[in-house]
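Below are the chains, spelled out letter by letter.
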Amino acid sequence: SFRKAVAIAMARLAVLLLSVGVCALIQPVRLLDNGLALTPPMGWLHWERFVCNVDCGSDPENCISEKLFMQMADVMVEEGWKEAGYEYVCIDDCWLAPSRDAQGRLQPDPKRFPSGIKQLARYIHSKGLKLGIYADVGLKTCEGYPGSYGHYDIDAKTFAEWEVDLLKYDGCNMPNWTLYAEGYINMSRALNQTGRKILYSCEWPLYESSHQKPNYTAIRQYCNQWRNFEDVFDSWRTVQQIIDLTSGIQKQIVPAAGPGGWNDPDMLVIGNFGLSKDQQQTQMAMWAIMAAPLMMSNDLRDIDPQSKELLQNRRVIAINQDPLGMQGYQTMKANSFEVWERPLSGGKMAYAVLNRREIGGPGFFPFTAAVLPSKKICFPQCNVTQVLPKYQELGVQTSDSKLTFLVNPTGTLLFTATPVTGRPSTQQDWVWPMDFEKQKKGRDPNL
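Residues numbered from 1 in each chain as written. Predicted model: local features only at pLDDT ≥ 70, side-chain atom pairs only at ≥ 80, totals over all residues. Heavy atoms only, no water.

The name an unreviewed UniProt entry gives the protein is Alpha-galactosidase, with Lepisosteus oculatus as the organism. Looking at the protein in UniProt, the text filed under Function (unreviewed entry) is "Catalyzes the hydrolysis of glycosphingolipids and participates in their degradation in the lysosome." Annotation of the protein in UniProt includes, under Sequence similarities (unreviewed entry), the sentence "Belongs to the glycosyl hydrolase 27 family." (UniProt positions renumbered as here; feature names shortened; annotations may be inferred.)

Here is the structure:
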């Protein structure tokens, strides 16, 4: 139940606060307090599409340089991305010079970033956008550039002086895995102490989970968003893997998500080469249901109209950005279908129905109370709106209505249900991760 979830969360928080109190005897403790990420952050990140391309001699248009980020910022303003909600322009690995400067500070590659990061930040800000940057908690970044291990304070001050707005903090090349928590907490404190509001994107659970179960209560205290799994590739296989891994640990990660802190399933690869139309719609729909940060990694200078329309779909984005801030979760698997549900503000529910088949034609999916336990919000009536694969108002329905949808192989049906008469739904009407097994017992085994 909701009360049980709150009780568990409060118990975990009490344990954390006790440990924090002990640590406070040794040194001051400052939890992340930047007021950022009240909804999942949205923006553009270079990594999946442009990786570590530093050859500006042979490939000047696509190498990791200040020119690339300035061009993306221009396009984001001119082509409606900023208006749709995408606001961060983020640098990933490979922006650094091979060594720190004489004062021990990080410095950009002088040939590829001749104007410096501060000047780039000012250009991005002049467009009404925000600049993100990349660093690593370890001795070196994943691509071998200088890491932040032992330099947390000076690096945080450097980013603040450069007027950076987001830090993506990777976890390669740490001397010992037991140092991850300390490293991520140290950078969180250091960012707080600069006085500049810098969104903190961690990879703490990703690197710690192979050694021990991550403490998501602690992670949320120090990070605005956090990666749980390996990088997404431009492939349906990795998108599926991330969806499966998310559902596999949803009881642990869903309660941690909410305004100010989000589970990050990694970049949107829509508009690249590896996903079909249906698979692109699936990634967009599932990232909306999962309340995931929407960080695109594609070439906005040359993106096809279909992908652009999907990424700028205001109805999908509205689900993702819903101010209630509750992450959705898988509530059913039957035959080839998965059902995911997300409570929204105003008593609404969002549903994603994913067809995992990769053979044959569209599958029939029935919208009935037996399949969707939370469909009780349609008692006595609700208004149903299909969002994907195409927008369609399906009108007023009741808990006894029997709609049937067609869902393409590897595609996803995304729709919302809004109570229109009678009492509004409450949190007790929703299916919570703790209650999945109970809910399953009451379902029709033939579905």
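Now that the structure is up, let's keep going.
Undergrad: Lay out the overall build of the protein in plain terms, naming residues and giving numbers.
TA: Counting its regular elements, the protein contains 15 helices and 16 strands. Expressed as a percentage of its 447 residues, the buried residues of the protein come to 57%. Summarising the internal contacts of the protein: among those between residues at least 6 apart in sequence, 73% fall at separations of at least 24. Of the accessible surface of the protein, which amounts to about 18500 Å², a share of 52% is contributed by carbon and sulfur atoms. (Helix = DSSP H or I, 4+ residues; strand = E, 2+ residues; numbered from the N terminus. Buried < 20%, exposed > 50% of the residue type's maximum accessible area, 1.4 Å probe, protein only. Contact = heavy atoms within 4.5 Å. Areas by Shrake-Rupley, 256 points an atom, 1.4 Å probe, with all protein chains shown as cover.)

Undergrad: Tell me about the state of the cysteines, and name the residues and values.
TA: For the structure on display, the rule yields four disulfides. The side chain of Cys202 participates in a disulfide bridge whose partner is Cys223; the two sulfur atoms lie 2.1 Å from each other. Negative torsions about the S-S bond denote left-handed disulfides, and the value of about -95 degrees found for Cys202 with Cys223 makes this one left-handed. With Cys202 in strand β5 (residues 199-202) and Cys223 in the loop between α9 (216-222) and β6 (225-227), this residue pair connects regions lying 21 residues apart in the sequence. The class for Cys202 is buried, based on a relative accessible area of 0%. Exposure remark for Cys223: the relative accessible area of 0% places this residue in the buried category. (Disulfide = S-S within 2.5 Å.)

Undergrad: Please give an account of the packing of aromatic side chains that cites residues and values.
TA: Aromatic ring pairs are reported here in terms of the distance separating the ring centres and the angle at which the planes meet. Summed over all chains, the structure comprises 14 aromatic pairs. When the ring of Tyr169 is compared with that of Tyr184, the centres are 5.6 Å apart and the planes differ by 90 degrees; the resulting orientation is edge-to-face. Placement of Tyr169 in strand β4 (residues 166-170) and of Tyr184 in helix α7 (residues 180-194) is noted, with a sequence separation of 15 residues between them. For Tyr184, a relative accessible area of 0% gives the class buried. (Phe/Tyr/Trp six-rings, centres within 6.5 Å; stacked < 30°, edge-to-face > 60°.)

Undergrad: Any details on the pattern of salt bridges? Residues and values, ideally.
TA: In this structure the tally under the stated criterion is 17 salt bridges. Among the salt bridges present, the one from Asp299 reaches Arg301, with a minimum N-O distance of 2.9 Å. We classify Asp299 as buried; its relative accessible area is 8%. Residue classification places Arg301 among the partly exposed positions, given a relative accessible area of 28%. Connected through salt bridges with shared partners, the residues Asp92, Lys168, Glu203, Arg227, Asp231 and Asp266 form a single ionic network. (Salt bridge = Lys/Arg side-chain N within 4 Å of Asp/Glu carboxyl O.)

Undergrad: Could you give an account of empty space enclosed by the protein, with specific residues and numbers?
TA: It is a probe the size of a water molecule, rolled over the atoms, that shows where empty space is left. Summed over all chains, the structure comprises two cavities of 30 Å³ or more. Within this model, the largest cavity holds a volume of roughly 120 Å³. Forming the boundary of the largest cavity are Leu45, Cys90, Leu166, Lys168, Ser201, Glu203, Gln225, Arg227, Asp264, Asp266, Met267 and Met295. Elements that contribute at least two residues to the lining of the largest cavity include exactly β4 and β6. Residue composition of the lining of the largest cavity, by class: five nonpolar, two polar and five charged. Taken as a whole, the second largest cavity encloses approximately 50 Å³ of empty space. Forming the walls of the second largest cavity are Asn228, Phe229, Thr246, Ile253, Asn263, Asp264, Pro265, Met290 and Gln327. (1 Å grid on protein atoms, 1.4 Å probe; cavity = no way out; pocket = protein on both sides within 12 Å on 5 of 7 lines; lining within 4 Å. Points joined across faces, edges and corners; volume = space filled by probe spheres on them. Nonpolar A, V, L, I, M, F, W, Y, C, P; charged D, E, K, R; others polar.)

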